[in-house]
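Structure at a glance
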Amino acid sequence: MKAARSSVVSKKGTPWGTIIAVVAIVALAASVVTYYMIASAPKRDQKTREEAAAAFAPSQQDPDPSKRIPGVVTATYSAGAHVRATERVAYDKTPPYGGPHDDSWASCNGVVYPNAVRTEKLVHGLEHGAVWIAYNPQQVSGAALDLLKVRVEGKPYSMMSPYPGLDKPISLQSWGHQLKLDNADDPRIDQFIAALRSNPNGVYPELGASCDSSIAPEDEPPFDPAPPGPDAKPMDYKGTAGTSPDAPQQSQIPPSAPASK
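Since we're looking at a predicted model, the values are computed, not measured.

Moving on to the overall build of the protein chain. When its secondary structure is counted, the protein chain shows five helices and eight strands. Walking the protein chain from its N terminus toward its C terminus, one meets helices and strands in the order α-α-β-β-β-β-α-β-α-β-β-β-α. A burial count over the protein chain gives 43% of its 261 residues as buried. Taking as baseline every contact in the protein chain between residues at least 6 positions apart, the subset at least 24 positions apart corresponds to 76%. When the accessible area of the protein chain is evaluated, it comes to approximately 13,800 Å², of which 59% is carbon and sulfur surface.

Structure representation (structure tokens):
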């Protein structure tokens, strides 16, 4: 009997199949966790940046916190002057952050445009409360470009596009506000966005206007690098007859409401 039991034990052997399966499952789980941690790092880092910039969220007591951000410049522009898609505007700033613009707007609902877009369409998005991140494609690429994208992708009232010939690597625009920067990791980027994106305190003309567009982002008309000609419309232009007027504001946000996230 003793010999028989010994024989059975010796025949049973080590369960290598089970061990290999367990090791494979553990390795797979570890690789999944590692991949998730790496893939989610940009969003987790961005959440940290947004939390740090929360002190610049607008309020009734502090309606335009961008005034506390070093480097922000401002100008006052009249709204609602529209031009045809075949017309140019002789903007007074580069990139512009206000003035006459197309009667239709470029999508500004978290779109990262891979190519430069017609300026007059982007300016209309600013009138709706969007923040536009422009960058010089010859100076910003790789990790720096990814760092800008994470501020925009999927974010309402946000858009981003290359801007050939930009005099700084990065330029942020909202209606009547601009901030030019050298580095994509500058915390003032998140402060500017927190302060001005869909700010409900009257810092942009069309409170409650939509950022959705009927045109797909890839079908937007391209940026024209040529200087505006002598027939370009001046900054005090009142609008071209026959262009579509601005739609009525869709909603009114009380002044005490926080900015959209």
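It is worth spelling out a nonpolar patch on the surface at this point. The grouping of Trp 16, Ile 19, Ile 20 and Val 23 at the surface amounts to a nonpolar patch, some 430 Å² of accessible area in total. Positionally, Ile 19 belongs in helix 2 (residues 16–52). By relative accessible area, Ile 19 is classed as partly exposed at 36%.

What follows concerns the environment of Ala 209. With respect to the element layout, Ala 209 can be found in the segment after helix 5 (188–196). Setting aside anything within four residues of it in sequence, one finds Ala 209 in contact with His 128 and Tyr 157.

Before going further, it helps to spend a moment on the nonpolar core. Grouped together as the largest cluster of nonpolar side chains are 50 residues, with contacts concentrated most on Ile 133, Leu 148, Met 159, Ile 170, Leu 172 and Phe 192. Contributions of two or more residues to this core are made by helix 3 (119–127), strand 5 (131–135), helix 4 (142–149), strand 6 (158–162), strand 7 (170–174), strand 8 (177–181) and helix 5. It is helix 5 that contributes the most residues to this core, six residues altogether. Apart from residues no more than four positions distant in its own chain, Leu 148 is found in contact with Ile 133, Tyr 135, Val 140, Met 160, Ile 170, Ala 184 and Ile 189.

Once that is clear, we can look at the pattern of salt bridges. The tally for this structure, following the rule as stated, stands at 14 salt bridges. For Asp 62, the salt bridge is made with Arg 68, and the minimal N-O distance between the two is 3.0 Å. Residue class for Arg 68 comes out partly exposed when judged on its relative accessible area of 43%. In this structure, Glu 87 and Arg 84 form a salt bridge, with 3.8 Å as the shortest nitrogen-oxygen distance. What you see here is one network of salt bridges that share partners, running through Arg 88, Asp 102, Arg 118, Glu 120 and Asp 224.

You can see Val 150 is positioned in the loop between helix 4 and strand 6. Looking at Val 150, the relative accessible area reads 15%, which means it is buried. When the C-alpha positions of Val 150 and Lys 43 are compared, they lie 6.9 Å apart, and in sequence the two are 107 residues distant. In this view, Val 150 contacts Pro 42, Lys 43, Gln 46, Arg 49 and Lys 155; residues no more than four positions away in its chain are not counted.

Turning our attention to the state of the cysteines. Taken as a whole, this structure holds one disulfide when the rule is applied. Bridging Cys 108 to Cys 211, the disulfide has an S-S length of 1.9 Å. Across the disulfide from Cys 108 to Cys 211, rotation about the S-S bond amounts to roughly -100°, and the bridge is consequently left-handed. Taken together, the residues Cys 108 in the loop between strand 3 (101–102) and strand 4 (109–112) and Cys 211 in the segment after helix 5 connect sequence positions 103 residues apart. Cys 211 sits in the buried class, given a relative accessible area of 5%.

With that out of the way, let us pick up the packing of aromatic side chains. In this structure the tally under the stated criterion is four aromatic pairs. Taking the centre distance of 5.8 Å and the plane angle of 85° together, the rings of Tyr 77 and Tyr 97 count as edge-to-face. With Tyr 77 in the loop between strand 1 (73–74) and strand 2 (82–83) and Tyr 97 in the loop between strand 2 and strand 3, the pair connects residues that are 20 residues apart, well separated along the chain. Both residues of the pair, Tyr 77 and Tyr 97, belong to the buried class. Taken together, the ring pairs connect Tyr 77, Tyr 97 and Trp 175 into an aromatic cluster. The ring of Phe 56 is capped by Arg 68, whose NZ or CZ atom sits 4.6 Å from the centre of that ring.

Let's shift gears to helix 5. Each full turn of the α-helix corresponds to 3.6 residues, which orients residues three or four apart in the same direction. By the criterion of burial, helix 5 is predominantly enclosed, with eight of the nine residues buried. If you check which residues of helix 5 are buried, you get Ile 189, Asp 190, Gln 191, Phe 192, Ile 193, Ala 194, Ala 195 and Leu 196. Positive backbone phi, at 50°, marks Ser 198, one or two positions downstream of helix 5.

Conventions used here
- Residues numbered from 1 in each chain as written.
- Predicted model: local features only at pLDDT ≥ 70, side-chain atom pairs only at ≥ 80, totals over all residues.
- Heavy atoms only, no water.
- Helix = DSSP H or I, 4+ residues; strand = E, 2+ residues; numbered from the N terminus.
- Buried < 20%, exposed > 50% of the residue type's maximum accessible area, 1.4 Å probe, protein only.
- Contact = heavy atoms within 4.5 Å.
- Areas by Shrake-Rupley, 256 points an atom, 1.4 Å probe, with all protein chains shown as cover.
- Patch = residues over 30% accessible without salt bridge, like charges linked within 9 Å, V, L, I, M, F, W, Y side chains within 5 Å.
- Salt bridge = Lys/Arg side-chain N within 4 Å of Asp/Glu carboxyl O.
- Core = buried A, V, L, I, M, F, W, Y, C linked by side-chain atoms within 4.5 Å.
- Disulfide = S-S within 2.5 Å.
- Phe/Tyr/Trp six-rings, centres within 6.5 Å; stacked < 30°, edge-to-face > 60°.
- Lys NZ or Arg CZ within 6 Å of the ring centre and 35° of its normal.

Purely geometric numbers; function is a separate question.
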